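Report on the structure
Below, each chain spelled out in residue letters.
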Amino acid sequence: MITENEALIRIGVSLLLGGIIGIERYIHRHPAGVRTFMLICLGSTLATLASIWICQTNTHLINGDPGRIAAQVLTGVGFIGAGLIIKNNNDISGLTTATGIFVTAAVGVAVGVGMIRTAVVSTVAVVLILFSSFLFHNSEKKNKQK
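Residues numbered from 1 in each chain as written. Predicted model: local features only at pLDDT ≥ 70, side-chain atom pairs only at ≥ 80, totals over all residues. Heavy atoms only, no water.

Looking now at the pattern of salt bridges. The final tally for this structure, using the stated rule, is two salt bridges. With its nearest N and O atoms 3.3 Å apart, the salt bridge here joins Arg25 to Glu24. The exposure class assigned to Arg25 is buried, which follows from its relative accessible area of 4%. (Salt bridge = Lys/Arg side-chain N within 4 Å of Asp/Glu carboxyl O. Buried < 20%, exposed > 50% of the residue type's maximum accessible area, 1.4 Å probe, protein only.)

Between its first and last C-alpha atoms helix H3 (residues 67-84) spans 26 Å; for 18 residues at 1.5 Å apiece the expected length is 26 Å, and the two agree. Those residues of H3 not exposed but buried are Ala70, Val73, Val77 and Gly81. The buried residues of H3 occupy an angular sector of 75° when the element is viewed end-on, so they sit on one face. Of the residues in H3, the exposed ones pointing more than 90 degrees away from the buried face are Arg68, Gln72, Thr75, Phe79 and Gly83. (Helix = DSSP H or I, 4+ residues; strand = E, 2+ residues; numbered from the N terminus. Expected span 1.5 Å × (residues − 1). Arc of directions from axis to C-beta.)

With that out of the way, let us pick up helix H2 (residues 34-57). One turn of the α-helix equals 3.6 residues, which is why residues spaced by three or four share an orientation. An ideal rise of 1.5 Å per residue puts 34 Å on 24 residues; H2 measures up with 34 Å between its terminal C-alpha atoms. Along H2, the positions that sit buried rather than exposed are Phe37, Ile40, Cys41, Ser44, Thr45, Ala47, Thr48, Leu49, Ser51, Ile52 and Gln56.

Across the protein chain, the average pLDDT comes to 87, with 91% of residues at or above 70. Across the protein chain, the element-wise mean pLDDT spans from 80 in strand S1 (residues 86-88) up to 95 in helix H1 (residues 4-27). (pLDDT = per-residue confidence, 0-100.)

See below:
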């Protein structure tokens, strides 16, 4: 049973985790930064909490399925991500930002259902992946310039 206090705690955790991912994007000067990632994580957590809340407070619902809203959140975020991907001749940009937004929404859903440790570990993994790819990309550029 999720109480409003528990929901508020999860919202706070969601904002923190989304912000951590967004800070990495901001540091590397990507268009989607802290605010975007915080809002994506917050929105997915809130939608998940609302879905659970509806099912737990309206026990007379026969077909209540808390997973439905979470599934639609990820579909909607996929649509947002598709708008970020730009193909220009042989170059593709925005793919990492789009996948970052998708995984941030998944982190938000995880927070919403109470998988806090899993969401924290996933956030750490995302940040490590993004930083390591940044380091790899920069070393690759330096090798091409030589």
